[in-house]
Number of protein chains: 2
Amino acid sequence: MVNQFEGNIENALELINRYDNVFICSHIQPDGDSLGSTLALAMAIGKIKGKDNVNVIKVDNIPSYFLFLPNVDIIKEQDINQEIELFISLDCSDRERLGVGKEFLAKAKSVINIDHHITNENFGDVNIVIPSSGSTCEIVYKLIKCINVEIDKNIASCLYTGINTDTGRFMYSNTTYETHMIVAELIKTGIDINDINMNIYQNMTLERTKLFLESLNKLELYADNRVGIAIVNQEMLDKTNASMEDSEGIVSFVRDINTIEVACLLKEMSESEVKVSLRSKRLVDVAKISTKFGGGGHIRAAGCTIYESLEVAKKMILDEILMSFR
Amino acid sequence: MVNQFEGNIENALELINRYDNVFICSHIQPDGDSLGSTLALAMAIGKIKGKDNVNVIKVDNIPSYFLFLPNVDIIKEQDINQEIELFISLDCSDRERLGVGKEFLAKAKSVINIDHHITNENFGDVNIVIPSSGSTCEIVYKLIKCINVEIDKNIASCLYTGINTDTGRFMYSNTTYETHMIVAELIKTGIDINDINMNIYQNMTLERTKLFLESLNKLELYADNRVGIAIVNQEMLDKTNASMEDSEGIVSFVRDINTIEVACLLKEMSESEVKVSLRSKRLVDVAKISTKFGGGGHIRAAGCTIYESLEVAKKMILDEILMSFR
């Protein structure tokens, strides 16, 4: 494994050195790990190639609580009508999730694919895919070490953000000895971890707070309180002046109730489209449930979309959840 | 500083070696750091002196979500009518907070005082007080290393719990390079960090969940939403079948709203006694506020008791909070 990783790193470095211009891209619905790894690698490569030769492709809106990230404004819409030499995909398991980035990838001369999802489709010319890594940022940390660029405070803040968020604040079992060793090194650069954490976690808008309470006041429990289903419908959004993005955090709150094994959040996107988020604690593989509806994810966190009314979708997903206990 | 620490460690080791029996004690209203450091040190000293010579004094009830800690049942009420040679106080800034343990301390031949609170009164014959340490467990980790006892999984689980909880899950600015280096070493022992975190944080009872929502539904905002006051009164406890202990988590939720600088929770203990918890984000020193009511704490987290009705106490504390903005 180590040898394969080292070999792939060498091949990646060779490609990074070979080309003049680089396009970096991550997945739609960006999170801390996708944004952190993208910005950190862009800054690091910018140090050797010059900033103007590194282009970061914006494929989706960036959640407001990540706008504190250093140099976040280098993530912007890019013109597809230019020469595209090297394309680097980060934290993205397949081409589709790159959104508009997929078109840039198709035009590129070479592709490096760096990820930690076990479902990664190895679509790169060089693939550095390490499922045992808690975050893509940990892999990018090692890559930057190999590029031999100094990890400054800005790069460290981005990497810290990705590692912190993708490990659930160092809580999930993907958090290893190495995770903490890397974070120790990042803290050594002098980053303000308290400020970063306040930006990410102590930053709930009043609208989001109201939506959170509104949704949880109507929490439904099933199967001896082992299943919790929360909903966010359009009426709640109107009433609280919140947006669907503000539903973040509801499903993990439900999971954290001690009787709960499966937590589910149903988001009414329209009269005939419901987005489903699933979390489990110890027993149920929620990826299996979401796959039945064409979705995906991990054993403890997964999602899918059901093209039905909220009521119908709720019944469908609840049936599948209850089946999973059998 | 390093030399002083080393000198004190040496003196502490000398005392530990000198005596046959040891009493270990921490503060009332136990938390992860007090319980974790107590259990870890008791197990470590038990390895060299024999378990029967290490007595851990129970001074208060242990919150249910810490009952998973290895060997937690060695914390028990002890008979004061026996010979007490060495007394070790952990994570406790003064004698009063030891509760009944204070009497054992008074009888002891020698006292070691290990703590990280800046307000520690250095009441030991040997004092190992390191305010720059994020937790007492980090100090105990170093002490155990010096005792030259192997840190096994059980000891590591206890130390991890204390470090994790006292640094707010590695979020507060007391989290250092060294904190993460120590945690990396603890993880190396093979502890199940996911299980530990689930026990601590994904363990909300339904009663606690209901109380949480009940209290937050009545959240009051002042000073352009910079001040949030939540209450838990006896009526809410009756309605939700929860206990006052279940109010844990409410005040930090309020703090995490982005407009909030000062979050306050008022707990109605009786008709004429209100316990106050205060949190701040960036500007206000809440220890200053709580000190005015005879309380104490840190700049970002403090508490006090006001012997008035809930309504009167609310007015009194709100006035002081609003003054602190001037």
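Quick caveat: nothing in here was measured; it's all calculated off a predicted structure. (Residues numbered from 1 in each chain as written. Chains lettered and ligands numbered in written order. Predicted model: local features only at pLDDT ≥ 70, side-chain atom pairs only at ≥ 80, totals over all residues. Heavy atoms only, no water.)

*Asks:* How should the domain arrangement of chain A be read in this particular structure?
*Replies:* Reports of interface size often rely on the accessible area that becomes lost once the parts have come together. Residue and element names in this part refer to chain A. If you check the domain split of chain A, you get domain 1 (4–200) and domain 2 (206–323). Distance from the C-alpha centre of domain 1 to the C-alpha centre of domain 2: 29 Å. Counting residues at the interface gives six residues for domain 1 and six residues for domain 2. In total, domain 1 and domain 2 occlude about 420 Å² of area from one another, counting both sides; carbon and sulfur atoms represent 42% of this. On the surface where domain 1 and domain 2 come into contact, there are zero salt bridges. On the surface where domain 1 and domain 2 come into contact, there are zero residue pairs in polar contact (both at pLDDT 80 or more). Here the residues of the side of domain 1 that touches domain 2 sort into four nonpolar, two polar and no charged. (Domains from an automatic or database assignment. Contact = heavy atoms within 4.5 Å. Buried area = accessible area lost by both parts, 1.4 Å probe. Salt bridge = Lys/Arg side-chain N within 4 Å of Asp/Glu carboxyl O. Polar contact = N/O pair within 3.5 Å; in protein donor to acceptor, adjacent residues only side chain to side chain. Nonpolar A, V, L, I, M, F, W, Y, C, P; charged D, E, K, R; others polar.)

*Asks:* Mind showing me how you'd approach the packing of aromatic side chains here?
*Replies:* The description of an aromatic ring pair uses the distance of the two centres, along with the angle that the planes make with each other. Across all of its chains, the model carries 11 aromatic pairs over all chains by this definition. With 6.3 Å between their ring centres and 55° between their planes, Tyr-160 of chain A and Phe-170 of chain A make a pair best called tilted. Of this pair, Tyr-160 of chain A sits in helix α5 (residues 153–166) while Phe-170 of chain A sits in the loop between α5 and α6 (177–188); the two residues are 10 residues apart in sequence, bridging distant segments of the chain. Note on Phe-212 of chain A and Phe-253 of chain B: the rings are 5.1 Å apart at their centroids and 35° apart in plane angle, and the pair reads as tilted. Residue Phe-212 of chain A is located in helix α8 (residues 206–216), and its partner Phe-253 of chain B is located in helix α10 (residues 250–255); the two belong to separate chains. With a relative accessible area of 6%, Phe-212 of chain A lands in the buried category. The exposure class assigned to Phe-253 of chain B is buried, which follows from its relative accessible area of 10%. One cation-aromatic arrangement involves Arg-169 of chain A over Tyr-201 of chain A; the distance from NZ or CZ to the ring centre is 4.8 Å. One cation-aromatic arrangement involves Arg-226 of chain A over Phe-325 of chain A; the distance from NZ or CZ to the ring centre is 4.5 Å. (Phe/Tyr/Trp six-rings, centres within 6.5 Å; stacked < 30°, edge-to-face > 60°. Helix = DSSP H or I, 4+ residues; strand = E, 2+ residues; numbered from the N terminus. Buried < 20%, exposed > 50% of the residue type's maximum accessible area, 1.4 Å probe, protein only. Lys NZ or Arg CZ within 6 Å of the ring centre and 35° of its normal.)

*Asks:* How do you make sense of the sheet that holds strand β5 (residues 110–115) of chain B when you look at a structure like this?
*Replies:* Strands pair in a sheet through their backbones, by hydrogen bonds, and they do so in one of two ways: parallel or antiparallel. All names here are of chain B. Taken in spatial order, the six strands make up an open sheet running β3-β2-β1-β4-β5-β6, and their pairing is parallel. Each edge of the open sheet carries a strand with a single partner, namely β3 (75–76) and β6 (126–129). The pairing of strand β1 (residues 22–26) with strand β2 (residues 54–57) spans three bridges and is parallel. Residue pairing for β2: Val-22 is matched across the bridge by Val-54. Packed onto the sheet, helix α2 (residues 32–49) meets β1, β2, β3, β4 (86–90) and β5 and runs at close to 170° relative to β1. Against the sheet, helix α4 (residues 136–147) touches β4, β5 and β6, its axis set at about 120° to β5. (Pairing = 2+ DSSP bridges. Axes fitted to C-alpha atoms, helices over the stretch in contact; angles between N-to-C directions.)

*Asks:* Sorry, what's going on with the pattern of salt bridges here?
*Replies:* It is possible for side chains bearing opposite charge to pair when their charged atoms get close. All names here are of chain A. Scanning the entire structure with this criterion turns up 28 salt bridges over all chains. Put simply, Asp-152 and Lys-47 hold a salt bridge, and the shortest N to O gap is 2.8 Å. Of this pair, Asp-152 sits in the loop between α4 (136–147) and α5 while Lys-47 sits in helix α2 (residues 32–49), and the two are 105 residues apart along the sequence. A cluster of three or more residues bridged by salt bridges with shared partners is formed by Glu-83, Glu-85 and Lys-109.

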